[in-house]
Amino acid sequence: MAQKTKLAADATAPAPGKLLKPAFFARSVHAVAPDLIGATLLINGVGGLIVEVEAYHHTDPAAHSFRGLTPRNRVMFGPPGFAYVYRSYGIHWCVNFVCEEEGSAAAVLIRALQPTHGLAAMRRRRHVDDERALCSGPGKLTEALGITDAQNGRRLDAPPFALFARTENVEIASGVRIGITKATELPWRYGWKGSRYLSKPFP
DNA sequence: CTCTTGATCTTCT
DNA sequence: GAAGATCAAGAGC
C-alpha cells in the first residue's frame, strides 16, 4: 500500500566534498576541530555529517595524553590523520582523529553525527528507531557505525573510513566540554549551531 | 523536563 | 582501590 517513506534521509544525502587527507589534520587541533563540523564521516558506507566535536591536547589536563605515552593512547602520539579509538567506562567505544604532528598528542573527539547514510544499519545496531537518538553522543555513534578497537590506528583516508570536507556554510558554536572533571572551563567543544542531532544543545 | 544509579573495563595511584 | 572524554532506564516534578 502507498505509505509515506522515512527513507528520505538516505535518498537526499548531500554530495560529499573533497576527500580529507593527512595534511588537513596537520594543523592546530583548534583549527581542525571547527573545520570538521559539516564534514561527512563514513565507515563502510555508513555515517553522516559531523555536528559536534571536542579538542584535546597533551598540555590539557583533561586529555588522555596529558600524563604521557601509554599503551592505550599511543596512537595519539603518532602522526596526524589516524583514528584513535578507546574504551569508555568499560562499555562504550569513542573515536578521535589525531591532529597536528607526531608527538603533539592532539586529537579531536567525534561526539555527534547527523545520520545521512545507512540509517537501516544504524537502527539495527542501536536497537532504536528515533533518528535523533542514533548518533547523538560519542558512544552512540561508534555503536551505530560499528566502530571498535579494530579501527584503532587506522588511517582516515582509506577504507573502511571515508571522510569528506563540508560543502555548505555552517554556523559554528563553541562551549565547554561535556562529561569531564578537569579543565572544565576550556571552551573546546565545537558544534553546528542549532543542529537537532547534538548530544546536548549549545547555550 | 531533571536527577540518580547501574553496567563494566582500563588505567593509574 | 578509585576514577573515568558514557548511556539508558527509572523516579520525581
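Here, the structure is the one placed above.
For the structure given in this document, a descriptive report is provided here. Just so you know, the residues in each chain are numbered from 1, in the order the chain's sequence is written. Following the order in which they are written, the chains are lettered starting with A and the ligands numbered starting with 1. Local features are withheld for residues below a pLDDT of 70 in this predicted model, meaning they are given only at 70 or higher, and side-chain atom pairs are given and counted only at 80 or more; totals for whole chains, interfaces and linings count all residues. Side-chain figures throughout are based on the complete set of non-hydrogen atoms in the structure, without hydrogens or water.

**A few points about the protein's contact with DNA strand B**
Throughout this document, a residue counts as near a molecule or strand when at least one of its heavy atoms sits within 4 Å of that molecule or strand. Residues in close proximity to DNA strand B include Arg67, Thr70, Arg72, Tyr89, Gly90 and Ile91, which together make up its full environment. The protein-proximal atoms of DNA strand B, defined as those within 4 Å of the protein, are 57% sugar or phosphate. We define a polar contact as two N or O atoms separated by no more than 3.5 Å, with the added condition that, inside protein, one atom must be a possible hydrogen donor and the other a possible acceptor, whereas residues neighbouring each other in sequence contribute only through side-chain atom pairs. Between DNA strand B and the protein, one listed contact pairs a base oxygen with a backbone N or O atom of Tyr89 at 2.4 Å. The residue makeup of the surface near DNA strand B, split by class, is two nonpolar, two polar and two charged. In this classification, the charged set is Asp, Glu, Lys and Arg, the nonpolar set is Ala, Val, Leu, Ile, Met, Phe, Trp, Tyr, Cys and Pro, and all remaining amino acids, among them Gly, are polar.

**A closer look at the pattern of salt bridges**
Criterion for a salt bridge: a side-chain nitrogen of Lys or Arg within 4 Å of a carboxyl oxygen of Asp or Glu. By the definition in use, this model includes 11 salt bridges. Taking the shortest distance from any N to any O, the salt bridge between Asp35 and Arg27 comes out at 3.0 Å. Only protein chains enter the accessibility calculation, which uses a 1.4 Å probe. A residue is then buried if its area is under 20% of the maximum for its type, exposed if over 50%, and partly exposed in between. Classification of Asp35 as partly exposed rests on a relative accessible area of 27%. Between Asp60 and Arg177 there is a salt bridge, with its nearest N and O atoms 2.5 Å apart. Placement of the pair is Asp60 in the loop between β2 (46-56) and β3 (83-88) and Arg177 in the loop between β7 (172-175) and β8 (189-192), with a sequence separation of 117 residues. We note that Asp60, like Arg177, is buried. When salt bridges with common partners are traced through the structure, they connect Glu52, Glu54, Arg111 and Arg189 into a single cluster. Under the DSSP-based scheme used, a helix requires at least four consecutive residues in state H or I and a strand at least two consecutive residues in state E, with every element numbered from the N terminus.

**Some words on the protein's contact with DNA strand C**
Close to DNA strand C lie 20 residues, the nearest being His92, Asn96, Arg126, Gly139 and Thr181. In DNA strand C, atoms within 4 Å of the protein come from the sugar-phosphate backbone in 53% of cases. One nitrogen or oxygen atom from the side chain of Arg126 is found 2.7 Å from a phosphate oxygen belonging to DNA strand C. At the level of secondary structure, the elements contributing two or more residues to the surface near DNA strand C comprise β3, β4 (92-99), β5 (106-117) and α5 (138-145). The element that contributes the greatest number of residues to the surface near DNA strand C is α5, accounting for three residues. Considering only residue class, the surface near DNA strand C consists of nine nonpolar, eight polar and three charged.

**Digging into the pairing of β4**
Taking burial as the measure, the eight residues of β4 include seven buried ones, the bulk of the element. Two strands qualify as a pair provided DSSP detects at least 2 bridges between them. Examined bridge by bridge, β3 and β4 share six bridges and lie antiparallel to one another. If you follow Ser88 over to β4, its bridge partner there is His92. Counted along the chain from β3 to the antiparallel partner β4, the turn is three residues long, and its residue Tyr89 has a positive phi close to 55°. Pairing analysis gives four bridges linking β4 to β5, with the strands arranged antiparallel.

**Overview of α5**
For α5, the buried fraction is high: six of the eight residues fall into the buried class. By the burial criterion, the buried members of α5 are Pro138, Gly139, Leu141, Thr142, Ala144 and Leu145. Throughout, a contact is declared for two residues whenever any of their heavy atoms are within 4.5 Å. Tucked into the core, α5 has its buried residues touching β1 (40-43), β2, β4, β5 and α4 (119-126). At the C-terminal side of α5, Gly146 shows a positive phi close to 75°.

**Considerations on the packing of aromatic side chains**
The criterion for an aromatic pair is that two Phe, Tyr or Trp rings (for Trp, the six-membered ring) have centres within 6.5 Å, with stacked assigned to planes under 30 degrees apart, edge-to-face to planes over 60 apart and tilted to the rest. The final tally for this structure, using the stated rule, is three aromatic pairs. Ring plane angle 85° and centroid distance 5.9 Å describe the contact between Phe25 and Phe97, whose orientation is recorded as edge-to-face. You can see Phe25 sitting in helix α2 (residues 22-25) and its partner Phe97 sitting in strand β4, a full 72 residues away along the chain. Judged by its relative accessible area of 0%, Phe97 is buried. The rings of Phe24, Phe25 and Phe97 are connected pair by pair, giving a single aromatic cluster. Its end group placed over the ring of Trp93, Arg87 keeps NZ or CZ at 4.1 Å from the ring centre. The criterion is that NZ of a Lys, or CZ of an Arg, lies within 6 Å of the ring centre and within 35 degrees of the ring normal, and then a charge sits over that ring.

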